[in-house]
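Structure at a glance
So you can see what is in the structure, the chains are spelled out below.
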Amino acid sequence: MATQSAFCIKNLTKTYTNWVIALRWISLTVEQGDFFALLGPNGAGKSTTIGVLCGLVQKTTGSVEICGYDIDTHPSEARKYVGIVPQEFNFGIFESVYDVVINQAGYYGISRKEAAPNVEKYLKSLGLWEKRNMQSKTLSGGMKRRLMIARALVHSPKLLILDEPTAGVDIELRRGMWDFLRDLNREGTTIILTTHYLEEAELLCTDMAIINKGMIVKQGPIKSLLASMEDESVTIDLDRPFEHIAELSPYTPLIQNETVDITISREHTLDAALKSIHKAGYVIKNIRPKSGRLEEFFIRNTQV
Ligand code: ADP
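Everything in this summary refers to the structure shown in the same document. Worth saying up front: this structure is predicted, and the values here are computed from it rather than measured.

Right, let's get into the sheet that holds strand 6 (residues 82-85). Pairing in this open sheet of 6 strands is mixed, and the strands run 6-7-8-3-9-10 from one edge to the other. The strands lining the two open edges of the sheet, one partner per strand, are strand 6 and strand 10 (215-221). The sheet shows a mean angle of 15° between the axes of neighbouring strands, taken without regard to direction. In the sheet, strand 3 (residues 35-39) pairs with strand 8 (residues 190-194) via 4 bridges, with the strands oriented parallel. In the sheet register, F35 faces strand 8, and the bridge partner there is I191.

In structure tokens, the structure reads:
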């Protein structure tokens, strides 16, 4: 029976044959249209979760539904709704760029003629159309990554899963990929990505789950999770290097020349900190929220 969720995982566990427990009773729902970040330190279980979703990893217990179709009872229906971009390049290196994409359509029972408009659309929007007749091994790393994305989209999946899509991609190309993924999401494709770049997740994604040691430790809309942090960090810019650390003792400030980062809790208000700085004879030039809030949130929830 079809439901609104892009996918729904219930009580998923995975134990490998060498008794490594990779996933412990994971439950996770991603709604249609979400731009979802699956975050966690190395070895947390992200790739295993994605592998189960795509049918590449055999789960031990639990159930997974993709767009309402159970992957055990309706594997082919479930599979046609998902496009996957794994970390490793796994296309035929001697195939032309065009063939890598169009041949993938055959796995979903789509003829070359039917697939051709999508192949052209995605090779063009990912900047690969000029390279369509080249052997894929001649592409740069960033182009190979984009070729993997074009291939994953050829059958118009409702859900696109990307495992570290921007790893090793330089900043300019990364920005281009962000724009492409944002447009795709706006047009209705649900996107789930794993990334090591937390600022990338904060910039692109609306929702997230953090996995640690095979368990989900936090899950929800990124904005409200960040807002739930009891304390808040601000950066204060002063007229000269700050040298009165004792005046700010309850705040454990981080001082870099004329910039002071302080964490405000319920007991220690921003107002009191500003008064102390002012009393010590400094002029406050600017106060701004400290960047990298997601990084702070991530560290707090994974260092246990
Ligand atoms: P992540 O993607 O978050 O880095 P993984 O899902 O790759 O984490 O791995 C989760 C855990 O499962 C790790 O302890 C990893 O060593 C283990 N693991 C992953 N794949 C295998 C495998 N094929 N055989 C045995 N253990 C594995």
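Let's shift gears to the site of the ligand. The environment of the ligand is formed by Y16, N18, V20, A22, P41, N42, G43, A44, G45, K46, S47 and T48. Measuring from an oxygen atom of the ligand, one finds a backbone N or O atom of G43 at 2.7 Å. Contacts to the ligand include S47, whose backbone N or O atom sits 2.8 Å from an oxygen atom. Protein contact buries 62% of the 560 Å² of open area that the ligand shows by itself. Tallying contributions element by element places helix 1 (residues 46-53) first for the shell around the ligand, with 3 residues. Tallied by class, residues from the shell around the ligand come to 5 nonpolar, 6 polar and 1 charged.

Turning our attention to the packing of aromatic side chains. Applying the stated rule across the entire model yields 5 aromatic pairs. Residues Y69 and Y81 carry aromatic rings whose centres are separated by 5.9 Å and whose planes lie at 10° to one another, so their mutual orientation is stacked. With a gap of 12 residues between them, Y69 in strand 5 (residues 69-70) and Y81 in the loop between helix 2 (75-80) and strand 6 connect regions that are remote in the sequence. Residue class for Y81 comes out buried when judged on its relative accessible area of 18%. Taking NZ or CZ as reference, R132 lies 4.1 Å from the ring centre of W129, over its face.

The next point concerns the pairing of strand 1 (residues 5-15). Of all the 11 residues making up strand 1, 8 are buried; the element is thus mostly covered by neighbouring parts of the structure. As paired elements, strand 1 and strand 2 (residues 21-31) share 7 bridges and run antiparallel to each other. Paired with S5 across the strands is E31, a residue of strand 2. Here strand 1 folds back onto strand 2, and the loop between the two strands holds 5 residues, one of which, W19, carries a positive phi near 70°.

With respect to the element layout, T252 can be found in the loop between strand 11 (232-238) and strand 12 (254-256). As for T252 and N301, which are separated by 49 residues in sequence, their C-alpha atoms are 20 Å apart.

Turning next to the pattern of salt bridges. Taken as a whole and assessed by the stated rule, the structure comprises 10 salt bridges. Salt-bridge contacts for E296 lead to R293; the nearest nitrogen and oxygen are separated by 3.9 Å. Of this pair, E296 and R293 are both found in helix 10 (residues 293-302), 3 residues apart, which corresponds to roughly one turn of the helix. Its relative accessible area of 14% is what places R293 among the buried residues. Looking at E296, the relative accessible area reads 16%, which means it is buried. Through salt bridges with shared partners, one network takes in R293, E296 and R300.

Cut-offs used in this document
Residues numbered from 1 in each chain as written. Predicted model: local features only at pLDDT ≥ 70, side-chain atom pairs only at ≥ 80, totals over all residues. Heavy atoms only, no water. Pairing = 2+ DSSP bridges. Helix = DSSP H or I, 4+ residues; strand = E, 2+ residues; numbered from the N terminus. Axes fitted to C-alpha atoms, helices over the stretch in contact; angles between N-to-C directions. Near = heavy atom within 4 Å. Polar contact = N/O pair within 3.5 Å; in protein donor to acceptor, adjacent residues only side chain to side chain. Areas by Shrake-Rupley, 256 points an atom, 1.4 Å probe, with all protein chains shown as cover. Nonpolar A, V, L, I, M, F, W, Y, C, P; charged D, E, K, R; others polar. Phe/Tyr/Trp six-rings, centres within 6.5 Å; stacked < 30°, edge-to-face > 60°. Buried < 20%, exposed > 50% of the residue type's maximum accessible area, 1.4 Å probe, protein only. Lys NZ or Arg CZ within 6 Å of the ring centre and 35° of its normal. Salt bridge = Lys/Arg side-chain N within 4 Å of Asp/Glu carboxyl O.

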